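Listed below, chain by chain, are the residues.
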Amino acid sequence: MSETAPRGINPAIPHSARVYDYWLGGKDNFAADRDVAEQTMAAVPGIRESARDNRAFLGRAVQFLIDQGVRQFLDLGTGIPTQGNTHEVAQAAAPEARVVYVDNDPIVMTHARALLTSTPEGLTRYIEADIRRPRDILDHPDTRATLDFSRPIGLMMVAILMHVPDEDDPAALVRAFAGALPPGSFLVLSHLTLDFLPEEHARRYLAATKDQAMRRTPRGGREVAAYFDGFELVEPGLVDAPHWRDEPLFDDPPAWMYAGVGRKA
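Residues numbered from 1 in each chain as written. Predicted model: local features only at pLDDT ≥ 70, side-chain atom pairs only at ≥ 80, totals over all residues. Heavy atoms only, no water.

1. Topic: the overall build of the protein chain
Item 1. A tally of helices and strands in the protein chain yields 10 helices and eight strands.
Item 2. Counting the 265 residues in the protein chain, one finds 54% classified as buried.
Item 3. Counting only contacts in the protein chain whose residues sit at least 6 apart along the sequence, the fraction spanning at least 24 positions is 75%.
Item 4. Accessible surface, the protein chain: about 11,900 Å² in total, of which carbon and sulfur atoms supply 49%. (Helix = DSSP H or I, 4+ residues; strand = E, 2+ residues; numbered from the N terminus. Buried < 20%, exposed > 50% of the residue type's maximum accessible area, 1.4 Å probe, protein only. Contact = heavy atoms within 4.5 Å. Areas by Shrake-Rupley, 256 points an atom, 1.4 Å probe, with all protein chains shown as cover.)

2. Thoughts on the packing of aromatic side chains
Item 1. Across all of its chains, the model carries five aromatic pairs by this definition.
Item 2. With centroids separated by 6.0 Å and ring planes inclined at 85 degrees, the aromatic side chains of F64 and W244 adopt a geometry described as edge-to-face. On the criterion of sequence distance, the pair formed by F64 in helix 3 (residues 47-67) and W244 in the loop between strand 7 (239-240) and strand 8 (257-264) is long-range, its members being 180 residues apart. For the residue pair F64 and W244, the accessibility class agrees, reading buried in each case.
Item 3. Ring geometry for Y101 against Y126: centres 5.9 Å apart, planes inclined by 10 degrees, an arrangement best described as stacked. On the criterion of sequence distance, the pair formed by Y101 in strand 2 (residues 98-103) and Y126 in strand 3 (residues 123-128) is long-range, its members being 25 residues apart.
Item 4. For Y126, a relative accessible area of 11% corresponds to the buried category.
Item 5. Here a set of aromatic residues connected by ring pairs shows up, and it is made of F57, F64, F186 and W244.
Item 6. The residue whose ring lies beneath R245 is W244, and the NZ or CZ to ring-centre distance is 5.3 Å. (Phe/Tyr/Trp six-rings, centres within 6.5 Å; stacked < 30°, edge-to-face > 60°. Lys NZ or Arg CZ within 6 Å of the ring centre and 35° of its normal.)

3. Quick look at helix 2 (residues 31-43)
Item 1. In this model helix 2 runs 18 Å from its N-terminal to its C-terminal C-alpha over 13 residues, within 8% of the 18 Å that 1.5 Å per residue would give.
Item 2. Along helix 2, the residues that are buried comprise A32, D33, V36, A37, T40, M41 and A43. (Expected span 1.5 Å × (residues − 1).)

4. Thoughts on the packing of helix 1 (residues 16-23) against helix 2
Item 1. Two elements in contact, helix 1 and helix 2, have axes separated by 9 Å at closest approach and are oriented at 60 degrees. The angle between the axes of helix 1 and helix 2 places the two elements in the oblique class. The chirality of how helix 1 crosses helix 2 is right-handed. The segment helix 1 lies against helix 2, with R18, V19, Y22 and W23 engaging D33, R34, V36, A37, E38, T40 and M41.
Item 2. Residues belonging to the contact of helix 1 with helix 2 are distributed by class as follows: six nonpolar, one polar and four charged. (Axes fitted to C-alpha atoms, helices over the stretch in contact; angles between N-to-C directions. Parallel < 35°, antiparallel > 145°, perpendicular 65-115°, else oblique. Left-handed = near helix turned anticlockwise from the far one by under 90°. Nonpolar A, V, L, I, M, F, W, Y, C, P; charged D, E, K, R; others polar.)

5. Comments concerning the pairing of strand 4 (residues 154-158)
Item 1. Summarising burial for strand 4: five of the five residues are buried, a large majority.
Item 2. As paired strands, strand 1 (residues 72-76) and strand 4 are joined by three bridges and run parallel to one another. Its bridge partner lying in strand 4, L74 is registered against L155.
Item 3. Note that strand 4 and strand 5 (residues 186-192) share five bridges and pair parallel. Each bridged residue has a counterpart across the sheet, and for G154 the counterpart in strand 5 is F186.
Item 4. For the crossover that starts at strand 4, traverses helix 8 (residues 170-179) and ends in the parallel strand 5, the hand is right-handed. (Pairing = 2+ DSSP bridges. Right-handed = clockwise from strand over helix to strand, strands pointing away.)

6. Here we look at the nonpolar core
Item 1. Of all hydrophobic cores here, the largest spans 51 residues; its most connected members are F57, F73, W256 and V261.
Item 2. The greatest single-element share of this core, amounting to nine residues, is contributed by helix 3. (Core = buried A, V, L, I, M, F, W, Y, C linked by side-chain atoms within 4.5 Å.)

7. Things to note about helix 1
Item 1. A large share of helix 1 lies buried, amounting to six of its eight residues.
Item 2. Taken as a whole, helix 1 has its buried residues at S16, A17, R18, V19, D21 and W23.

8. Focus on the pattern of salt bridges
Item 1. Counted according to the given criterion, the structure contains eight salt bridges.
Item 2. A salt bridge links D168 to R132; the shortest N-O distance between them is 3.1 Å. Placement of D168 in the loop between strand 4 and helix 8 and of R132 in the loop between strand 3 and helix 6 (134-138) is noted, with a sequence separation of 36 residues between them.
Item 3. A residue is classified by how much of its surface remains accessible, and D168, at 28% relative accessible area, is partly exposed.
Item 4. Put simply, D139 and R144 hold a salt bridge, and the shortest N to O gap is 4.0 Å.
Item 5. Classification of R144 as partly exposed rests on a relative accessible area of 41%.
Item 6. One network of salt bridges, in which partners are shared, links D130, R132 and D168. (Salt bridge = Lys/Arg side-chain N within 4 Å of Asp/Glu carboxyl O.)

This is the structure in structure tokens:
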């Protein structure tokens, strides 16, 4: 059966948000996305479960920030809307919470505007932009109208920096966004890593993904920890995502992602 895509979308080119959507059990993906997802799953069993563990980490981290009094969130790399989005978790506990979502895929934003609704007390906004251009996001009228940069903000960078290659200097991007945040703000970050894997699994992952159009860059613990420069990591520090402040979703969970939350001094 043929698939149609919104205007401006090439369904033959896989996109990280749609691959992730497939792993989470969503339906907003195309054959090219499913091919990449299945190829990766076949080569490295456990990658889909890791995606679900990562989504669970996002929910726990948002709830932690709400418990710390944070009521504003800047979510970079929103992805296809699915259960447990940032604003759903935040506004369930604090209906007045405000969220700005950012993604660079028009299909993501189409679905976001249709499916992500706010409580009457709160507010959500959606910006189509590239995180490699921080000022475009920080200075966007919707960002400034939604978030008060004199009060703490939760900066969500969950599974996004792995899509930023080294030549685009992901550490500099984190510094640019973090520099705009007031003291008492938080950085919530997770990142693909091969550190926890047996050597054979790591080799299989690299072999399976080296020729894929969708680039992902695994990074080690030292690199990921450096993203928290200027932030104080909260307990339990930088750990594998399934074990950040909770029991894992799965028995013997695959550890593909570092995860941590830091408070800006």
